[in-house]
Amino acid sequence: MNSLNTEAFTLFGQHILWSDMIGNILGLIALALGWRRNLWSWPVQFASGLILFGAFYGHLTGSAGKQAVVMLVALYGWWQWNRNKGKSGDGLIAPRFATWRERAALVGAAAVGTVAVALFFKANPSLSWDPWPDAYIFVGTVVAMYAQARGMVEFWFAWLLVDLVGVPLNFANGYAFSGFVYVIYGALVLWGMRDWWLRSRESKQPALEGAPA
């Protein structure tokens, strides 16, 4: 995995590593596949996490640990979508809006998780370069992936909230490539949100009288 930590190219004065570039590109592909409700979204997300885990392991323990959590959630998402595929007319998972109880649980988990992870990062400075925003992005990513695994339209809103912090933060800290990737994430999120929103409304429409069930 050491070869993944070599420089691929330089962009805007930033040295882009192969691991960062490949991991981010796979993350974009995974999100695009999630928009299409394609089951392969989860293996691609797992591969992205695996590459970044291998690149970080041994010298950036905190980053490697975060990727391990991402891989576990990807496995959960694969299991959930396999179990629930075929519940819509096109043979894929059926998007739905979360219940108010589920929304409260997601918001609560995000808030408590962000505080807990940020305090852990502050107590262990070597694990994070900026504890609070780093914790926010990490926990927000996990919450978004969990909501995606459950087929909730709200997962797009969670991704959007992550992007609102991730884009300016990366540009402000000189990570132009990562910031540009987050901009593309934002565009995919808006398109995916619209598609899932419309599909969730279609799934709620009653069948026409006399039509086959």
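Look up a bit, the structure's there.
Rules behind the numbers
Starting from 1, residues in each chain are numbered consecutively following that chain's sequence as written. In keeping with the predicted nature of the model, local features appear solely for residues at pLDDT of at least 70, side-chain atom pairs appear and are counted solely at 80 or more, and the whole-chain, interface and lining totals rest on all residues. Computation of side-chain values: all heavy atoms of the structure, hydrogens and water removed. Secondary structure follows DSSP: runs of H or I at least 4 residues long count as helices, runs of E at least 2 residues long count as strands, and numbering of each begins at the N terminus. Using a 1.4 Å probe on the protein chains alone, a residue whose accessible area is under 20% of its type maximum counts as buried, one over 50% counts as exposed, and one in between counts as partly exposed. Residue burial considers only the protein chains on display, and all accessible areas are found by Shrake-Rupley using a 1.4 Å probe. We call two residues in contact whenever any of their non-hydrogen atoms come within 4.5 Å of each other. For this document, the term salt bridge refers to a Lys or Arg side-chain nitrogen within 4 Å of an Asp or Glu carboxyl oxygen. Within 3.5 Å is the distance limit for a polar contact, defined as a pair of N or O atoms, with the added protein rule that one can donate a hydrogen and the other accept it, and that residues adjacent in sequence qualify only through two side-chain atoms. Here, expected helix span is obtained from the residue count minus one, scaled by 1.5 Å. Stacked, tilted and edge-to-face are the three classes assigned to paired rings of Phe, Tyr and Trp, where Trp is represented by its six-membered ring and a pair needs centres within 6.5 Å; plane angles under 30 degrees give stacked, over 60 edge-to-face, the rest tilted.

Caption draft 1: Spotlight on the overall build of the chain. In terms of regular secondary structure, the chain is built from 7 helices and 2 strands. When the helices and strands of the chain are placed in sequence order, the string is β-β-α-α-α-α-α-α-α. Split into buried and exposed, the 213 residues of the chain put 45% on the buried side. Carbon and sulfur atoms provide 68% of the accessible area of the chain, an area that totals close to 11600 Å².

Caption draft 2: Spatial organisation of the environment of Gly77. Along the chain, Gly77 falls in helix H3 (residues 61–84). You can call Gly77 buried: its relative accessible area is 0%. In sequence terms Gly77 and Gln148 are 71 residues apart; their C-alpha atoms lie 7.4 Å from each other. Setting aside residues up to four positions removed in sequence, Gly77 forms contacts with Trp42 and Ala149.

Caption draft 3: Focus on the pattern of salt bridges. Under the definition given, this model contains 3 salt bridges. The salt bridge partner of Arg96 is Glu102, with a shortest N-O separation of 2.9 Å. Arg96 gets classed as partly exposed once you look at its relative accessible area, which sits at 27%.

Caption draft 4: View of the side chain of Ser48. Structurally, the position occupied by Ser48 is in helix H2 (residues 41–56). Ser48 sits in the buried class, given a relative accessible area of 4%. At a separation of 2.8 Å, a polar atom in the side chain of Ser48 contacts the main-chain carbonyl oxygen of Gly23.

Caption draft 5: Broad picture of helix H5 (residues 131–149). Relative to the 27 Å expected for 19 residues at 1.5 Å per residue, H5 spans 27 Å between its end C-alpha atoms, a close match to the ideal helical length. Along H5, 15 of the 19 residues are buried, which leaves the element largely enclosed by surrounding structure. Remark: Gly151 follows H5 within two positions and exhibits a positive phi of approximately 75 degrees.

Caption draft 6: Seen up close, the packing of aromatic side chains. Scanning all chains against the criterion turns up 12 aromatic pairs. Ring centres of Trp81 and Trp196 lie 6.3 Å apart, and the angle between their planes is 35 degrees; on these two criteria the pair is classed as tilted. Of the two residues, Trp81 is situated in helix H3 and Trp196 in helix H7 (residues 176–204); the sequence distance between them amounts to 115 residues. Its relative accessible area of 2% is what places Trp81 among the buried residues. Ring plane angle 45 degrees and centroid distance 6.4 Å describe the contact between Phe120 and Phe121, whose orientation is recorded as tilted. Among the aromatic residues, those joined into a cluster by ring pairs are Trp42, Trp81, Phe155, Trp156 and Trp196.

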